Amino acid sequence: MITDKEIKEKDYSILNLGPTHPATHGIFQNVLKMDGEIIMEAEPTVGYIHRAFEKLAERRPYNQITPITDRLNYCSSPINNMGWHMTVEKLAGIEIPKRVQYLRVIIMELARIADHLVCNSVIGVDTGAMTGFLYVFQEREKIYEIYEEICGARLTTNVGRIGGLERDFSETCWKKLEKFMNELPGVLKEFENLLMRNRIFMDRTIGCGPIAAERALQYGFTGPNLRAAGVDYDVRVMNPYSSYEEFDFIIPVGTNGDTYDRFMVRQQEMWESLSIMKQAIEKVKQIKDKVYHADVPDFYLPPKEVVYSSMEALIYHFKIVMGETVIPKGEVYHAVEGGNGELGFYLISDGGRTPYRLHFRRPCFIYYQAYPEMIKGSMLSDAILTMSSMNVIAGELDA
Amino acid sequence: MTTTDTTLLTTIHEKLKTQFGDAIISAEQHYDFPVFVVSREKAHDILQFLKENADTQFQFLTTMCTLHFPDNEGQEFGIMYQLHNMPKNWRIRIKTFFSKNDTSIPTVTDLFPTANWMERQEYDFFGIQFKGHPDLRRILNMDEMNYHPMRKEYALEDDTRTDKNDKMFGR
């Protein structure tokens, strides 16, 4: 005998959206119960690329955790990187020189622009507009070239050190930065012309995957996704770090919390980031002293060429690499405004060479659980758009 | 920014003390965070009070995670909740500890929907049983796994290896 429940189940068709669907970045599985083309229920499964970062961190000395953080949100890895170093600096009580703080701001805003460029252009792709994607990826390429100048890597940057930066910005780097900042506004304008008032784009995105402010807060949303719903929460303003309190910028907010608002908030944030970078460069120019790290030999890993030529540096290098530097006991939480929201590091140190416990507050992991609710009752194509506009980054979701 | 301002700590502590008495085990300032250790039995009520009380209004659960101290007899496991009152920009941390023999704690998903996946993660990695959780199963590891890998007894490297001698390196 067939029960009522079974009949009800039979009415729906089951659709696996992902994990090998191009729009699901290869790792998000969503089992959708469909009534025709309407999504009745969704169940996300995550964990396909889980790499045990928190466990790994318990075996690694503090300076070796940087590469782990790079792989969290790999679209804007320098932000994670800086966030981690600031956490350790807070614990160790290290005062960072102003110039280094401004340089960090430049790097972090650059990363935010890269992150938002990818997200917004992918929203375009998912509505069928490939052009914008191709335009702005050239800009992202320029950002990656700047990263390359700063640290030698492009995607998994290892920019920071505990106590400052690995090296100063080179002349070429400043030139590339200037070129990028001169050219970005034009490209952004063009990109906005392409999509912002585009009839198809607006029809597809307005009212797509909305979430109300109250619900977003209950689900622990932060970053552009929360701001699109109308809450002006930004870690850079609420709990300033790295001298963000000295910069003039506004927090763009939306009203409906739908895909269009998320797109617009990110778009405006890029303009704000650009303005922050301009101010930071001005501030850096005013400081004559070319310092790029704090004077903390106990924590700051010295450059290789100095290690080879100076006894002092060799000793400190050895101490740091062997994990003999004492990071004080204590527990600390530090949050930065990542590309997707509040990225927090909760760290317990027992005075040993590795953290006793390290917990990452990964914004993607926290807000992705709202996804079934956001796409309920919408069309399949809207579910794809909602996912790309939420900017779920696999590395952060599954850490 | 490290602040040593402890006014928030004392205000919240007094409030909790009058409401819950002995359930508040300690109150300390850790860098810029007031930290309260509370008893497990009252943890849920305390979080509910902090969320709903008109003066505190900690309505945003920033994060939560499990702490494991195998040497701390009788209190091997702990849960840390971090709350945020966004309009006033107050942040506090609530911790509660319990024994490894009974790793169950009431869920807070009824207060904060966002705790759903967070609790599933802690169950997955530490085996904490959240009583009343609507859907407590593994989230990042595979379902067939029969242990909880973040516990301290599972070393990341194979301890039986003999080709590495770390004695001289203070490890």
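The structure we're discussing is the one just above.
Just so we're clear, the structure is a prediction, and the values are computed from it rather than from any experiment. Each chain carries its own residue numbering, running from 1 in the written order of its sequence. Labels are handed out in written order, letters beginning with A for the chains and numbers beginning with 1 for the ligands. pLDDT decides what is reported in this predicted model: residues at 70 or higher carry local features, side-chain atom pairs at 80 or more are listed and counted, and totals for whole chains, interfaces and linings draw on all residues regardless. Side-chain metrics rest on all non-hydrogen atoms present in the structure, leaving aside hydrogens and water.

What about the overall build of chain B?
When its secondary structure is counted, chain B shows three helices and seven strands. Numbering of helices and strands runs from the N terminus, with a helix taken as a DSSP run of H or I at least four residues long and a strand as a DSSP run of E at least two residues long. For chain B, the sequential pattern of α-helices and β-strands runs α-β-β-α-β-β-β-β-α-β. The burial tally for chain B puts 52% of its 171 residues in the buried class. Put simply, of all contacts in chain B between residues at least 6 apart along the chain, 51% involve residues at least 24 apart. Per-residue and other accessible areas were derived by the Shrake-Rupley procedure at a 1.4 Å probe size, with only the shown protein chains allowed to occlude residues. When the accessible surface of chain B is split by element, carbon and sulfur atoms take 47% of a total near 8,400 Å². Burial status follows relative accessibility: with a 1.4 Å probe on protein chains alone, a residue under 20% of its type maximum counts as buried, one over 50% as exposed, and anything between as partly exposed. Note on definitions: a residue-residue contact is assigned when non-hydrogen atoms from the two residues lie within 4.5 Å.

Observations regarding the sheet that holds strand β3 (residues 38-45) of chain A
Residues and elements named next belong to chain A. Pairing in this open sheet of three strands is antiparallel, and the strands run β1-β2-β3 from one edge to the other. Strands with a single pairing partner mark the edges of an open sheet, and in this sheet they are β1 (13-17) and β3. On average, each strand axis in the sheet is tilted by 25 degrees relative to the strand beside it, whichever way the strands run. Relative to β3, strand β2 (residues 29-35) runs antiparallel, the two being bridged by seven bridges. The residue of β3 that forms the bridge with V31 is E43. A pair of strands is considered paired only if DSSP assigns at least 2 bridges between the two. Fitted lines through C-alpha atoms serve as axes, helices being fitted only where they are in contact, and the angles separating the N-to-C directions of these axes extend from 0 to 180 degrees.

Notes on the pattern of salt bridges
Put simply, a salt bridge is a Lys or Arg side-chain nitrogen that is within 4 Å of an Asp or Glu carboxyl oxygen. Following the criterion strictly, the structure yields 36 salt bridges over all chains and no others. Between E43(A) and R137(B) there is a salt bridge whose closest N-O contact spans 2.9 Å. Of this pair, E43(A) sits in strand β3 while R137(B) is found in the segment after β7 (129-131), placing the two residues in two different chains. What makes E43(A) partly exposed here is its relative accessible area of 37%. A relative accessible area of 30% places R137(B) in the partly exposed class. In this structure, D102(B) engages R40(B) in a salt bridge whose closest nitrogen and oxygen atoms are separated by 3.2 Å. Taken together, the residues span a long stretch of sequence, with D102(B) in the loop between β5 (90-98) and β6 (104-106) and R40(B) in helix α2 (residues 40-52) at a distance of 62 residues. We classify R40(B) as buried; its relative accessible area is 15%. When salt bridges that share partners are traced, they join E109(A), R112(A), R227(A), D234(A), R236(A), E269(A) and E337(A) into one network.

Thoughts on the interface of chain A and chain B
Taken residue by residue, the interface counts 47 residues in chain A and 48 residues in chain B. Both sides together, the interface formed by chain A and chain B hides about 4,200 Å², and carbon and sulfur atoms give 57% of it. Across the chain A-chain B interface, the total number found is seven salt bridges. Contacts described as polar in this section are N or O atom pairs within 3.5 Å, which, within protein, must combine one atom able to donate a hydrogen with one able to accept it, while residues neighboring in sequence count only if both atoms come from side chains. Our enumeration of links across chain A and chain B arrives at 24 residue pairs in polar contact (both at pLDDT 80 or more). Those elements giving two or more residues to the side of chain A that touches chain B turn out to be β3, α2 (53-57), α4 (77-92), α9 (213-218), β6 (330-337), β7 (342-349), β8 (357-361) and α15 (363-367) of chain A. Ranked by residue count, the leading element in the side of chain A that touches chain B is β6(A), at four residues. A breakdown of the residues in the side of chain A that touches chain B according to their chemical character gives 23 nonpolar, eight polar and 16 charged. Two parts lose some accessible area (1.4 Å probe) when they are put together, and adding that loss for both gives the buried area. We call Asp, Glu, Lys and Arg charged. Ala, Val, Leu, Ile, Met, Phe, Trp, Tyr, Cys and Pro are nonpolar, and the rest, Gly among them, are polar.

Side note on the environment of K55(A)
The topology assignment puts K55(A) in helix α2. Given the relative accessible area of 9%, K55(A) is considered buried. Remark: the alpha-carbon pair of K55(A) and R357(A), spanning 302 residues in sequence, is separated by 8.2 Å. Residues contacting K55(A), with those up to four places away along its chain left out, are P149(B), M150(B), R151(B), K152(B), Y154(B) and L156(B).

Describing the sheet that holds β8(A)
All names here are of chain A. Pairing is antiparallel across the open sheet formed by three strands, whose spatial order is β6-β7-β8. The open sheet is flanked by β6 and β8, the only strands paired with a single partner. Across the sheet, the axes of successive neighbouring strands diverge by a mean angle of 10 degrees, strand direction being ignored.

Here we look at unusual backbone geometry
One non-glycine residue, N391(A), lies in positive phi territory at about 60 degrees. Within the secondary structure, N391(A) sits in the loop between α17 (380-390) and α18 (394-397). Assessed through its relative accessible area of 7%, N391(A) is described here as buried. Phi is positive for Q57(B), close to 50 degrees, though the residue is something other than glycine.

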